[in-house]
Amino acid sequence: MGIRVEKVSKKFDDFVALDDVSIEVPSGSLTALLGPSGSGKSTLLRVIAGLETPDSGTVWIDGEETDGLPVQERNIGFVFQHYAAFKHMTVFQNVAFGLKIRGESRASIAKRVAELLELVHLDGFADRYPNQLSGGQRQRMALARALAVQPRVLLLDEPFGALDATVRKELRAWLRRLHDEMHVTTIFVTHDQEEAMDVAEQIIVMNHAVVEQSGTPLELYDEPASEFVMGFVGDAHDIAGEWVRPHDIEIHRERDDQGTEALIDRIVTLGFEARVELTLADGDSFTVQTTRSEIDSLELREGEIVSLHPKRTRVFDDRLPA
C-alpha cells in the first residue's frame, strides 16, 4: 500500500503550508515526517488522510488516485497527539467502535478486540475507562482503535508529543515492534530528531512548506543535502563556513595556525563518553563529543585554550534560511 504525493500545494489565506510537495512512501514502510513547527508536515498528513483538500496536486494510495475520495472511503487509520477517547466507554468499547459501525458480528468484534488488546499490551484492561489509564496506555488504546478496522495506511500526528520523555522512549520501541508485526504502511509526524532517527526506516525532512531531503536516517546524517538538514538532523556547528559534527573534531593542547582556538567552558563526563563545551573567539558556543579516556590522556582542564581540528567537514553552496 505505497503512497505517492505529487506536486501538492496548500494555502490558508496568505500562509503557504505546502509548496509543490512530492514524496514517495514505500508499501509497508515506517516513514517519519520531520521538521520544525510550521514546516507543513501535519498539513501534508491531513492531505493524505483526506482531512484537507489540496489547492493543487494529487495523492495516490496503492496506485489509486484519491482526488474527491471521501475520508471514510480511504481506509486510513489516524491517531492524533491528543486522542479524544469516548470517556463513557470502556477500553473494549472504544476499540470496538469502528467495527460496530461497520456492522460486524459480536463474535468477530470480540475476537478482533481481544487480539488487538493483546497486541498493544492492554489485555486485562478491557473493562477500564480512559480516565483509569496512563497517557501511554491511552495512546496504545488509540492505536488499537485505529488498527481495528484493518486500515491500509496508518497516520500518526505527533502521537507521543504530550507524554513525558521516559514514556515516549518506551512507546517508540513499542511502535517499532508493533510495525514489525503488522507491516502497515505508516507515516508519523514528529519534530523530534531523535524520535525520527530511532523509529523510522525513511525520514522526510520538511522546512518552510517544502521537502528538503528524504532518505534513510544514515543517509540524512552522513550526506545532508543542505545546511538546514545538516543542522536539524543531529548536532552540527558552523566553523568559518564549514559544517562539522561534534564527534568529528579533534582537540589539540598545542595551539597552531591550522586549528581554531577555543576556550574550554565545561567538561561533562557521561560514563564512557564525554562532552566538552567551548567558546570560540567570535563568542559562539561549540560542543565536542569525545571519550573520557581522551579527556584524561590530553589532561584537559576547564578554563584553558585549546585548538580544534575538524576531521570531516561539509560545505554547502546554498545558504538556506534557518
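Anything mentioned here points back to the structure above.
Keep in mind it's a predicted model, so treat the numbers as computed, not measured. By convention here, each chain's residues receive numbers from 1 onward along its written sequence. The model is predicted, so local features are restricted to residues of pLDDT at least 70 and side-chain atom pairs to those at 80 or more, both for listing and for counting; the totals for chains, interfaces and linings are taken over all residues. Side-chain figures throughout are based on the complete set of non-hydrogen atoms in the structure, without hydrogens or water.

**Structural notes on the packing of helix H2 (residues 91–101) against helix H3 (residues 106–119)**
For the record, the criterion: All axes are obtained by fitting lines to C-alpha atoms, using only the stretch in contact for helices, and the reported angles, taken between N-to-C directions, cover 0 to 180 degrees. Secondary structure is summarised from DSSP: a helix means a run of H or I of at least four residues, a strand means a run of E of at least two, and numbering begins at the N terminus for each. Angular relationships are summarised with four words: roughly parallel below 35 degrees, roughly antiparallel beyond 145, roughly perpendicular across 65 to 115, and oblique for the angles in between. It is the rotation of the near helix from the far one that decides the hand of a crossing: anticlockwise by less than a right angle makes it left-handed, clockwise makes it right-handed. Contacts were defined at the residue level, with two residues in contact if any of their heavy atoms lie within 4.5 Å. Following the grouping adopted for this structure description, the nonpolar residues are Ala, Val, Leu, Ile, Met, Phe, Trp, Tyr, Cys and Pro, the charged ones are Asp, Glu, Lys and Arg, and the polar ones are all others, Gly among them.
With their axes 10 Å apart at the nearest point, H2 and H3 run at an angle of 125° to one another. The angle between the axes of H2 and H3 places the two elements in the oblique class. As H2 runs across H3, the sense of the crossing is right-handed. Facing Val91, Phe92, Val95, Ala96, Leu99 and Lys100 of H2, the residues of H3 in contact are Ile109, Ala110, Arg112, Val113, Leu116 and Leu117. Partitioned by chemical class, the residues of the contact of H2 with H3 number 10 nonpolar, no polar and 2 charged.

**Things to note about the environment of Leu163**
Our working rule: Burial classes follow relative accessibility: with a 1.4 Å probe on protein chains only, a residue under 20% of its type's maximum area counts as buried, one over 50% as exposed, and anything between as partly exposed.
You can see Leu163 is positioned in the loop between strand S7 (153–157) and helix H5 (165–182). Exposure remark for Leu163: the relative accessible area of 16% places this residue in the buried category. Leu163 sits 27 residues away from Gly136 along the chain, and the two C-alpha atoms are 7.1 Å apart. The contacts of Leu163, once residues within four sequence positions are left out, are Gly135, Gly136, Gln139, Arg168 and Leu171.

**Side note on the packing of aromatic side chains**
What counts here: Centres within 6.5 Å make a pair out of two Phe, Tyr or Trp rings, where for Trp the six-membered ring is used; the pair is then stacked when the planes are under 30 degrees apart, edge-to-face when over 60, and tilted otherwise. A ring is considered to have a charge above it if a Lys NZ or an Arg CZ atom is located within 6 Å of its centre and within 35 degrees of its normal.
Counting across every chain of the model gives 2 aromatic pairs. The interplanar angle of 50° and the centroid separation of 4.8 Å between the aromatic rings of Phe86 and Phe97 together place this pair among those described as tilted. Here Phe86 is found in the loop between strand S6 (76–79) and H2, whereas its partner Phe97 is found in helix H2, with 11 residues between them in sequence. The interplanar angle of 15° and the centroid separation of 5.2 Å between the aromatic rings of Phe228 and Phe232 together place this pair among those described as stacked. Residue Phe228 and its partner Phe232 are located together in helix H8 (residues 227–232), separated by 4 residues, close to a single helical turn. Judged by relative accessible area, Phe228 falls into the buried class, the value being 11%. Taking relative accessible area as the criterion, Phe232 reaches 12% and is therefore assigned buried. The ring of Trp60 is capped by Arg4, whose NZ or CZ atom sits 4.0 Å from the centre of that ring. One cation-aromatic arrangement involves Arg245 over Tyr221; the distance from NZ or CZ to the ring centre is 4.0 Å.

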